[in-house]
Amino acid sequence: MPYIVEHLSLYENGMLKKTNLVVKGQVIHARDVSVKRMKYVRLNMDRQIMIAAETIFGNLESWEQQGMYYAKECLSKGATTVIFPVSLDYEKKLDLRLDQARKSLMTFPLDYVLILRIPLSLVRPSLLRRCKQLRIPALLVAFHSTEELDAVAWSWMREAVFPYKLVLVPEYLDGSCEPSRWEECMIKEKFPYLPQAVLHEPLPKDSLKKLGIFPYRGIIRHDGDISYNVIEENRLECLIPDKKTYDDYIQYTVFHNRVIRAGDRFFLDEGPGEELRITVPGYFQ
């Protein structure tokens, strides 16, 4: 049944905006429109702030070991989409590892994106071409020293994935690694990259754009997904200057137009969530 969300304060791009939403079916039919003459059921969100649901990096092994407890941990961060790195040690096992991951996630109750976690030695044209073919948007690349980056034939890698903007994310296996050296290398070699993957920390919009997850997630938009978090208006200070702590004040979380969290109570059913297949990373940058 169609309904109107009115008098809401929408938090996006670091600002609050007073607006209304019109929801039809399972999507947002319209926003920022006059709803005075519409005769739908109305949901009044006066004195509440709506924030698009978050996307975080997760751990596949934790889900396999802890099950729904781990899903609740992800949801407690305000996330309804989780990026799962799939560990790969041998290129020939790529299809097998992805199949195993998808079977493991058949009962995962939130949406997810699959990427690969590989050693730097596997960064080679044949694997990158397969990533492009399979629409894997990112590689979590593990290495002990940033000096190892000099051994990679980066020009071959660019040719292998062009025009697919595969994103590289570092995993530093040694405390002596220099993050600035990673960034310098990626800028020089013209590869899309993230500075680092921080487990369970909401990704900023810029990172979601690079990965191609935005605008499918991370925004309240026309024809978009109805997934969001709500906090009380008097908690506005937790959004300034960023959103790192607002998850402690979430009143409720809506996922695909269904309330799945209210305060400390969770209403999660075993999956399946939706796997997001990223067609064009970086398209909206």
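Look above for the structure.
My aim in this report is to walk through the structure given alongside it, one point at a time. Sequence order as written defines residue numbering, which begins from 1 separately in each chain. Totals for whole chains, interfaces and linings use every residue, but because this is a predicted model, local features are given only for residues with pLDDT of at least 70 and side-chain atom pairs only at 80 or more, for both listing and counting. Computation of side-chain values covers all heavy atoms of the structure but excludes hydrogens and water.

Here the focus is the sheet that holds strand E9 (residues 138-143). Each pair of strands is called paired provided DSSP finds at least two bridges between the two strands. Per the convention used, a helix needs a DSSP run of H or I reaching at least four residues, while a strand needs a run of E reaching at least two, with both numbered from the N terminus. Here we have 5 strands laid out as an open sheet, ordered E6-E7-E8-E9-E10, and parallel in their pairing. Of all strands in the sheet, those bounded by a partner on one side alone are strand E6 (54-57) and strand E10 (167-172). Going from strand to strand, the sheet's axes swing by 30° on average, the running direction of each strand aside. In this analysis an axis means a line fitted to C-alpha atoms, helices contributing only their contacting stretch, and an angle means the value between N-to-C directions, from 0 to 180 degrees.

Here Tyr164 lies in the loop between helix H5 (154-161) and E10. For every residue, the accessible area (1.4 Å probe, protein chains only) is compared with the maximum for its type, and the residue is labelled buried under 20%, exposed over 50%, or partly exposed between those bounds. Here Tyr164 falls in the buried class, since its relative accessible area comes to 7%. Separated by 116 residues in the primary sequence, Tyr164 and Val280 have C-alpha atoms spaced 6.7 Å apart. Beyond its immediate stretch of four places on either side in the chain, Tyr164 contacts Cys131, Lys132, Arg135, Ile136, Pro137, Ile278, Thr279 and Pro281. Should any heavy atoms of two residues lie within 4.5 Å, those residues are counted as being in contact.

Here we come to the pattern of salt bridges. For side chains of opposite charge, pairing can occur when their charged atoms come near one another. We define a salt bridge as a contact between a side-chain nitrogen of Lys or Arg and a carboxyl oxygen of Asp or Glu at a distance within 4 Å. If you walk through the whole model with that rule in mind, you get 16 salt bridges. A salt bridge links Arg117 to Glu171, with the shortest nitrogen-to-oxygen separation between them at 2.6 Å. Of this pair, Arg117 sits in strand E8 (residues 111-119) while Glu171 sits in strand E10, placing them 54 residues apart in sequence. Judged by its relative accessible area of 26%, Arg117 is partly exposed. If you follow the salt bridges from partner to partner, you end up with Glu12, Lys17, Arg31 and Asp32 in one network.

Glancing now at helix H3 (residues 94-104). Note: α-helices contain 3.6 residues per turn, so residues at a spacing of three or four share the same orientation. Listed in full, the buried residues belonging to H3 are Leu94, Leu98, Ala101 and Ser104. Buried residues along H3 cover an arc of 125° about the axis, so they all sit on one side. Its buried side turned inward, H3 meets helix H1 (60-66), strand E7 (79-87), E8 and helix H4 (125-134). The directions considered for the arc run from the helix axis to the C-beta atoms.

There is a patch of like negative charges on the surface, built from Glu147, Glu148, Glu178 and Glu184. Mapping Glu184 onto the fold places it in helix H6 (residues 179-189). Exposure remark for Glu184: the relative accessible area of 52% places this residue in the exposed category. Excluding any residue in a salt bridge, patches collect residues exceeding 30% relative accessible area, merging like charges within 9 Å and nonpolar Val, Leu, Ile, Met, Phe, Trp and Tyr side chains within 5 Å. Every accessible area reported is derived by Shrake-Rupley at a probe size of 1.4 Å, with residue values counting cover from the shown protein chains alone. In this tally, Asp and Glu contribute negative charge and Lys and Arg positive charge; neither His nor the terminal groups of the chain are included. Charge positions are represented by NZ for Lys, CZ for Arg, CG for Asp and CD for Glu.

The next subject is the side chain of Ser62. One can find Ser62 in helix H1. Apart from residues no more than four positions distant in its own chain, Ser62 is found in contact with Gly67 and Tyr70.

Count a disulfide wherever a pair of cysteine sulfur atoms falls within 2.5 Å. Enumeration according to the criterion identifies 0 disulfides in this entry. The thiol sulfur of Cys177 is not disulfide-bonded, and the nearest other cysteine sulfur, from Cys185, lies at 13 Å.

In the contact formed by H3 and H4, the axes pass within 12 Å of each other and the chain directions differ by 40°. Between H3 and H4, the angle falls in the class oblique. Handedness of the H3/H4 crossing: right-handed. Across the interface between the two elements, Leu94, Asp95 and Leu98 of H3 pack against Leu127, Arg130 and Leu134 of H4. Each angle is binned into one of four classes, with values under 35 degrees roughly parallel, values over 145 roughly antiparallel, values of 65 to 115 roughly perpendicular, and all other values oblique. By definition, any crossing whose near helix is turned counterclockwise from its far helix by less than a right angle is left-handed, and any crossing with a clockwise turn is right-handed.

Once that is clear, we can look at a nonpolar patch on the surface. A grouping of Leu16, Leu236 and Ile240 is seen on the molecular surface, where their side chains present a nonpolar patch of about 250 Å² in accessible area. Along the chain, Ile240 falls in the loop between strand E11 (228-232) and strand E12 (252-255). The exposure class assigned to Ile240 is exposed, which follows from its relative accessible area of 57%.

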